[in-house]
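# Architecture and fold: a report
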Amino acid sequence: MKLLKKLTSNWLNKRIPAAQKHKLNHKNIFIFPSKFGGLFLALCVLLFLLGTNYQNNLMLLLCYFLLALFLVNLLASYINFARIELHQGKSAQVFVGDNLHLPLWLNSDVDNKHMPDGELYFKFKLDKQNKSQIKTAMTKVDVNVYTNPISLNYPCTNRGALSLPRITLSSYFPLGLFRCWTHLAFNNQIIVYPEPIPCKIHLSSHPHSVEDSSVQAGTELTGHDDFSHLKAYQAGEPLHHVAWKQVAKGRGMVSKQFSSVENQIGWLKLATNQSNENLELDISKLTFQVIELSREQQKFGLDLGNTCIAPDVGHAHTQACLTALALFPQSKA
Amino acid sequence: MKQVSQALTKNSSLILITIELILVSFSLFESVLTWILLIVACAAVIRGAIHFNFHKHLPSIRTLNLLAILSALGLIYSGMSLGLLIGMVNLLVLACALKLMQVRTQKDIYQLIISLFFLIGCGFIFNQSIVYSLFYCAMCLLLLLSLACHHAPNIRLKSQFKRVFTLSLQAAPIGILLFLVLPQLPPLWQTPKSKSMETGLAEQITPGDIASLSQSSELAFRATFIGTVPVSSERYWRAIVMEDFDGKTWKIHPYRKQLRNQQLRANQEFQPKLTGTYWDYQVIAEPTHQNWLFGLDLATPNGNASQVEIFQSNEFQLISHQKLVSQYQYKVRSYPQALSTQPFSQLDQQLNLSVPKNGNPLTRQWINELRTQYADNQEFIQAVLAHFTTNSFIYTLKPALMYSDPIDKFLFENQAGFCSHYASALAFSLRLGGIPARIVTGYQGGELATDAQTSYISVYQYDAHAWVEIWQPNSGWLRIDPTALVSPDRINLGLREAMAEEGSFLSDSPFALARMIDVAWLNNIRLLLADMDYNWSRWILGFNKQHQQELFKSILGKLTPDRMSLLGLGITTIITLLLTLFFIPHWLENRLDKTQRYYQQAIKLLNNKQLGRKNWQGPIELANQVNQRYSVEIAEPFATLTKLYVRLVYQSSNITTQGQLNDKQCHKMMRKALAQLKAELARLN
């Protein structure tokens, strides 16, 4: 059973490799009569028997017509399904415990004439073991009334790189006799960040200092002490920052910028040699601190033992820190 | 679950299904019980109320279960007398109605739709005329439409209809092809039939009773003649022979039935002696749910299939092995002179002379007197017949009722009646006089329609007739029709003319087209409809194994296994081709147009040479880059290509004037430039 599953998954990987964009065609569409299609065929058999027994040509004609319709429907549902073009959009950052909203753009650059019709069903293709852990609902999208992008929800339970299962997309259009489906995989490097747990902010002054000399959170970190440079004045800045001398020289309103002292740049540190339970808790707390400090635009570094990120500020830095926390203990390649 | 049901009630497919159920079940009103139709109407009202938001809640499951149990009991109670087939149809309609009341999930809708398809199929058992067939076709489309609406609820109904219609049009040729080539099998098992569906001739006649048969203008059968057509007075279509008389009612003799069963078991049948000229013809009988077939005397089945399917009885009846549940075609050859040469057995003698011991004393007395007067059989018969011609007998469809001693009353008191009165009185009188006689019922006359190649006779129910056959040692069986003596018009001109004065022809159905024969254009319409109906019956309803084989023969020449398998292959190919044909629009849709294709090919060629087009580079920009980086030989054709491409794509087509190139010429030039480019690049390597 396991072998079979592995074989199918290998086969799928070869047949429908992960990509940013999928255009459905004969290579990735599967099609088979639905349950209703089976019922429909049974009806045809019944009509055939009745028509033969009563020697009723009209009933036989009806039976053959329905049979032919079944055949034609095969093509019609394939053609409709093959009009679908999906590409993956950028997803927002996501933390453990949140739902990942995976945006999918359906036929975003195709004119209206070649749009597919009917209802589409999106579902994550989960293994048996995953199924018990992850509850995902089927997403139904009526292609005739929808707004791009289609957003799929996927609950994130573990931190780290997210291995998103394949997305099963299926449709019963036009008459429900056939089910067209495909298992799409998308290229994504989605990192699920650890769940932030609120705590006090502990910044150590030195990257490798043994003692835990921390700086109190909430102290004014954007210092007044050292003048660093001048900048065009923006409405709302305190008037006492304005470099009046420069104004007097006729250089316009300029405000003085100060930076905090060097020793106030803090390091977030992960205590090593801890049991697993505490480790997760600490990582979560660190995550919270990273988010808080970034919000306050404070310079900080992150020391995780095997990974060290130099103090910096800004979006990229925050991302780097959160990624490192998410991937701990592996160092980022 | 709740969400689903809410979504379903908003769906227009359910209202379509409701309409469908109403129309289909009311089209079966003859077989469906009235109270079941009422339940259907109730279900429709409930659905309508929910659809138009008059009411918000479906009836609860408990209510419905109660209703289901009650109606099941009702159906068992009233369905006992219905027979299996009609019982099943009733049950199906009832189940659909109950299901419609409680549709909650998708599964319910599917079940409902499948049941309705089946119901449409059943409809064809009861109604096979062109009008009904068209109606059921429309019903099929409606059902498919509701199915489509269910799967794409937000497409406008008009485009849904277009889609379903296209699908059906695509399916129709394949369906017809399948119908023509898939083998026509004989019935696989005996199907349930019900007594109440029998129409046409009765298996017994009681002349004193009410006249009911002659008032229907429904078709009984049609006969297509290959050679000469018999004149109206020769068209006596035999069906049932009645030899058992109890003083009031003529019946098929029970002993004959017994004998027939024995013969069937022993696989014997009567072989008539065939002499004289003959008529070849083909009969298409309307469904009667009986076994009796029709033929001019003396008829024998003609052709292999007909011989297998038809049993010939000792009384020269043609009896089908299967009941006629749908239209049935058979070939017959009739020998009009052969009736007189058939053998006459002891049994025939015995059966055809038996009379009840009592009753009709006046007739007995009269016959006794006549017989003493005329010892010779021939003279005696003439004397009896003279009674009909000398007295003022009247042919009428509205005779007085005669309950006791009906023959006495008819012969000496009322002297008015229709065919079975005359036949009954004559046969009884002759039997009293020691002459073997029996009653034959069937049809007489029919309407002849002739066109270039074929001529056919349509026989309607009002052509039903009864006459007498007597046996004489020197002349054998002989047909005597006492009605002809009294009302020659009935035989020569048909019932319509004969009843012109009395006005009783089809008096129960005043708007029947058959009554309107005097209005010329109405009559033309009637004949045209009859003609259409004839062709419909002959080619569609009557298509059978023989026709199929003839069709194959006309295609293949000879029916060898090799050729048959070739035909099978051919048909499969045709179906595949048809499907491919339907697929072409999609294929074209996916293909880039020529302009794009040539340009993309050129870029691909250059990309192999590390061109590296940037995202922001437009076509002209790119051409400039090519111009800078490559030699003239390469840059020139690419520049041409780009120019044409830009012109075809970006220049609006309205402003082209006569002097300019059209699209086709542009494509040609593009192709040329592309080839040049390819050659140059190949030379570089």
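Just so you know, these numbers come straight off a predicted model, no measurement behind them. (Residues numbered from 1 in each chain as written. Chains lettered and ligands numbered in written order. Predicted model: local features only at pLDDT ≥ 70, side-chain atom pairs only at ≥ 80, totals over all residues. Heavy atoms only, no water.)

Our focus in this paragraph is the overall build of chain B. For chain B, the count of helices and strands is 25 helices and 18 strands. Per-residue burial over chain B gives 48% buried out of 685 residues. Pairs at least 24 residues apart make up 73% of the contacts formed inside chain B by residues separated by at least 6 positions. Carbon and sulfur atoms make up 58% of the accessible area of chain B, which totals about 34000 Å². (Helix = DSSP H or I, 4+ residues; strand = E, 2+ residues; numbered from the N terminus. Buried < 20%, exposed > 50% of the residue type's maximum accessible area, 1.4 Å probe, protein only. Contact = heavy atoms within 4.5 Å. Areas by Shrake-Rupley, 256 points an atom, 1.4 Å probe, with all protein chains shown as cover.)

Two side chains carrying opposite charge are able to pair once their charged atoms lie near each other. Overall, the coordinates contain 14 salt bridges over all chains when judged by the stated rule. Salt-bridge contacts for Arg295 of chain A lead to Glu292 of chain A; the nearest nitrogen and oxygen are separated by 2.8 Å. You can see Arg295 of chain A and its partner Glu292 of chain A sitting in helix H6 (residues 276-295), three residues apart, about one turn around the helix. A relative accessible area of 57% places Arg295 of chain A in the exposed class. We classify Glu292 of chain A as buried; its relative accessible area is 16%. Close ionic contact of Asp108 of chain B with Lys99 of chain B constitutes a salt bridge, the shortest N to O distance being 3.2 Å. Taken together, the salt bridges that share partners define one network made up of Arg238, Glu243, Arg256, Asp348, Arg438 and Glu469 of chain B. (Salt bridge = Lys/Arg side-chain N within 4 Å of Asp/Glu carboxyl O.)

Let us look at the UniProt feature "transmembrane region" (unreviewed entry) in chain B. Mapped onto the present numbering, the UniProt feature "transmembrane region" (unreviewed entry) falls on residues 21-46, 66-97, 109-126, 132-152, 164-185 and 566-588 of chain B. The span residues 132-152 of chain B is 95% helix and 0% strand, and its two end C-alpha atoms sit 30 Å from each other. (UniProt positions renumbered as here; feature names shortened; annotations may be inferred.)

Next up on the list: the sheet that holds strand S4 (residues 94-95) of chain A. Strand pairing in a sheet takes place through backbone hydrogen bonds and is either antiparallel or parallel in direction. Residues and elements named next belong to chain A. Spatial ordering of the open sheet is given by S4-S12-S9, a layout of three strands whose pairing is mixed. At either margin of the open sheet sits one strand with a lone partner, and together these are S4 and strand S9 (160-161). Along the sheet, helix H7 (residues 315-327) makes contact with S4, S9 and strand S12 (191-193), crossing S12 at roughly 90 degrees. (Pairing = 2+ DSSP bridges. Axes fitted to C-alpha atoms, helices over the stretch in contact; angles between N-to-C directions.)

This part is about the interface of chain B and chain A. Between chain B and chain A, the contact holds 57 residues from the first and 48 residues from the second. Around 4800 Å² of area is buried between chain B and chain A when both sides are counted, 75% of it from carbon and sulfur atoms. Our count for the contact surface shared by chain B and chain A stands at one salt bridge. Between Asp117 of chain A and Arg163 of chain B there is a salt bridge; the shortest N-O distance is 2.8 Å. Between chain B and chain A we count seven residue pairs in polar contact (both at pLDDT 80 or more) in total. Mapped by element, the contributors of at least two residues to the side of chain B that touches chain A are helix H6 (106-126), helix H7 (130-151), helix H8 (157-181), helix H19 (520-541) and helix H21 (561-590) of chain B. For the side of chain B that touches chain A, the element with the highest residue contribution is H8 of chain B, accounting for eleven residues. Each residue belonging to the side of chain B that touches chain A can be placed in one class, and the counts come to 40 nonpolar, 15 polar and two charged. (Buried area = accessible area lost by both parts, 1.4 Å probe. Polar contact = N/O pair within 3.5 Å; in protein donor to acceptor, adjacent residues only side chain to side chain. Nonpolar A, V, L, I, M, F, W, Y, C, P; charged D, E, K, R; others polar.)

With that out of the way, let us pick up the sheet that holds strand S5 (residues 250-251) of chain B. Residue and element names in this part refer to chain B. A sheet is described by the order of its strands in space; here three strands give the open sequence S1-S5-S4, paired in antiparallel fashion. Edge positions in the sheet fall to strand S1 (204-205) and strand S4 (244-245), since each of these pairs with one other strand and no more. As defined by bridge partners, S1 adjoins S5 across two bridges and the pair is classed as antiparallel. By the bridge assignment, Ile205 is partnered in S5 with Trp250.

All names here are of chain B. Among the structural elements, Phe638 can be located in helix H24 (residues 632-650). Spatially, the C-alpha atom of Phe638 lies 8.6 Å from that of Asn627, the residues being eleven residues apart in sequence. The contact partners of Phe638, leaving out residues within four places of it in the chain, are Tyr599, Ala602, Leu606, Leu622, Ala623, Val626 and Leu677.

What follows deals with the nonpolar core. One finds Leu66 of chain A together with Phe117 and Ile120 of chain B to be the most contacted residues of the largest nonpolar core, which totals 94 residues. When residues of this core are assigned to their parent elements, the largest contribution, 14 residues, is made by helix H3 (residues 57-81) of chain A. Core analysis: the second largest hydrophobic core is formed by 72 residues, Leu296, Tyr328, Phe393 and Ile457 of chain B among them. (Core = buried A, V, L, I, M, F, W, Y, C linked by side-chain atoms within 4.5 Å.)

What follows concerns H7 of chain B. Here H7 of chain B spans 32 Å end to end across 22 residues, near enough to the 32 Å set by a 1.5 Å rise per residue. For H7 of chain B, the tally of buried residues reaches 16 of 22 residues, placing the bulk of the element in the interior. (Expected span 1.5 Å × (residues − 1).)

This next bit is on helix H4 (residues 61-79) of chain B. Given 3.6 residues to a turn, an α-helix orients residues that are three or four positions apart in the same direction. Residues and elements named next belong to chain B. Look at H4: 25 Å from first C-alpha to last across 19 residues, which is about the 27 Å you get at 1.5 Å a residue. By the burial criterion, the buried members of H4 are Leu64, Ser71, Leu75 and Gly79. For H4, the arc enclosing every buried residue in end-on projection is 55 degrees, short of the 170-degree limit, so these residues lie on one face. In this structure, H4 carries Arg62, Leu66, Ile69, Leu70, Leu73, Ile76 and Tyr77 as exposed residues pointing more than 90 degrees from its buried face. Against the buried residues of H4 lie helix H3 (34-51) and helix H5 (84-101). (Arc of directions from axis to C-beta.)

This part covers a positive patch on the surface. Among the surface-exposed residues, Lys594, Lys664, Lys668, Arg671 and Lys672 of chain B lie close enough to one another that they form a single positively charged patch. As for its position among the elements, Lys672 of chain B is in helix H25 (residues 663-684). (Patch = residues over 30% accessible without salt bridge, like charges linked within 9 Å, V, L, I, M, F, W, Y side chains within 5 Å. Lys, Arg positive; Asp, Glu negative; His and termini not counted. Charge placed at Lys NZ, Arg CZ, Asp CG, Glu CD.)

For the rest of this paragraph, the subject is the confidence of the model for chain A. Residue and element names in this part refer to chain A. In this model, chain A carries an average pLDDT of 80, and 85% of its residues clear a pLDDT of 70 or more. Mean pLDDT across the secondary structure elements of chain A bottoms out at strand S14 (residues 214-215), with 44, and peaks at strand S2 (residues 30-33), with 94. For the stretch residues 209-223, pLDDT sits under 50, and the model shows 15 contacts to residues farther than four places along the chain or on other chains. (pLDDT = per-residue confidence, 0-100.)

Following the criterion strictly, the structure yields 44 aromatic pairs over all chains and no others. When the ring of Tyr121 of chain A is compared with that of Tyr172 of chain A, the centres are 5.9 Å apart and the planes differ by 75 degrees; the resulting orientation is edge-to-face. One end of the pair, Tyr121 of chain A, is in strand S6 (residues 119-124); the other, Tyr172 of chain A, is in the loop between strand S10 (167-171) and strand S11 (178-184), and 51 residues separate them in sequence. Taken together through their ring pairs, the aromatic side chains of Phe36, Phe40, Phe70 and Phe178 of chain A together with Tyr110 and Phe117 of chain B make up a single cluster. Positioned above the aromatic ring of Phe380 of chain B, the side-chain terminus of Arg371 of chain B is 4.7 Å from the ring centre. (Phe/Tyr/Trp six-rings, centres within 6.5 Å; stacked < 30°, edge-to-face > 60°. Lys NZ or Arg CZ within 6 Å of the ring centre and 35° of its normal.)

The subject of this paragraph is the confidence of the model for chain B. Of all residues in chain B, 90% attain a pLDDT of 70 or more, and the chain-wide mean is 83. Low confidence marks residues 1-9 of chain B, where pLDDT is under 50. Its contacts with residues over four positions away, or in another chain, come to 14 contacts.

This part is about the packing of helix H9 (residues 254-266) of chain B against helix H11 (residues 346-353) of chain B. Residue and element names in this part refer to chain B. Between H9 and H11, the least distance of the axes is 11 Å, while the angle of their chain directions is 150 degrees. The orientation of H9 relative to H11 falls into the category roughly antiparallel. Residues Tyr255, Arg256 and Leu259 of H9 lie in contact with H11, whose contacting residues are Leu347, Asp348 and Leu351. Here the contact of H9 with H11 is composed, by residue class, of four nonpolar, no polar and two charged. (Parallel < 35°, antiparallel > 145°, perpendicular 65-115°, else oblique.)

Our focus in this paragraph is the environment of Ala386 of chain B. You can see Ala386 of chain B is positioned in helix H13 (residues 377-390). Each C-alpha atom of the pair Ala386 of chain B and Leu485 of chain B lies 9.1 Å from the other, and the pair is 99 residues apart in sequence.

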